[in-house]
Amino acid sequence: MWSVESLVEYLDATSGGKGEEIWAGIRGKMMQISQYTMHCVQESMDNQKGCFEWFGLDFMVDESYSTWLLECNISPDLSIGTEVLDR
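Just so it is clear, the structure is predicted and the values come from calculations on it, not from any experiment.

Overview of the overall build of the protein
Move 1: Counting secondary structure elements, the protein contains three helices and two strands.
Move 2: Seen in sequence order, the protein has helices and strands lined up from the N terminus as α-α-β-β-α.
Move 3: In terms of overall size, the protein is more extended than a compact globule, its C-alpha atoms giving a radius of gyration of 16 Å where 87 residues would be expected to give roughly 12 Å.
Move 4: Along the three orthogonal principal directions, the C-alpha set of the protein runs to about 50 × 30 × 20 Å.
Move 5: Within the protein, the proportion of its 87 residues that are buried is 14%.
Move 6: Summed over all atoms, the accessible surface of the protein reaches about 7100 Å², with 53% contributed by carbon and sulfur.
Move 7: The protein carries 5 positive and 15 negative side-chain charges, and their two centres are separated by 8 Å.

Below you can see the structure in the form of structure tokens.
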């Protein structure tokens, strides 16, 4: 598991120093996909005042930096199993 910093370093090394720019594009796509996903299911969600629900969205990024939603978990694992998660 990589931190965002490690990912940006990798992207820098493999793209001629454009890691921050590529990450900004990936992050923007992830945010857009997340919004679309929540809008698609908002009618079926139980909205309780003073409460929130935690979702885990898993993404994949291909070689051309296209971003894909793999799955949305309604009860994501919040355990600390790696150094990255511990931070």
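Brief notes about the environment of aspartate 46
Move 1: As for its placement among the helices and strands, aspartate 46 is situated in the loop between α2 (19-41) and β1 (56-61).
Move 2: Owing to a relative accessible area of 59%, aspartate 46 belongs among the exposed residues under this scheme.

Focus: the nonpolar core
Move 1: Counting residues in hydrophobic clusters, the biggest one holds five residues: Val8, Leu11, Ile22, Trp23 and Ile26.
Move 2: Going through the elements one at a time, α1 (4-15) and α2 are the ones with two or more residues in this core.
Move 3: At three residues, α2 tops the list of elements feeding residues into this core.
Move 4: With residues up to four places along the chain from it excluded, the contact list for isoleucine 26 reads Leu11, Val61, Tyr65 and Thr67.

The rules behind each value
Residues numbered from 1 in each chain as written. Predicted model: local features only at pLDDT ≥ 70, side-chain atom pairs only at ≥ 80, totals over all residues. Heavy atoms only, no water. Helix = DSSP H or I, 4+ residues; strand = E, 2+ residues; numbered from the N terminus. Rg over C-alpha atoms; globule rule 2.2 N^0.38 Å. Buried < 20%, exposed > 50% of the residue type's maximum accessible area, 1.4 Å probe, protein only. Areas by Shrake-Rupley, 256 points an atom, 1.4 Å probe, with all protein chains shown as cover. Lys, Arg positive; Asp, Glu negative; His and termini not counted. Charge placed at Lys NZ, Arg CZ, Asp CG, Glu CD. Core = buried A, V, L, I, M, F, W, Y, C linked by side-chain atoms within 4.5 Å. Contact = heavy atoms within 4.5 Å.

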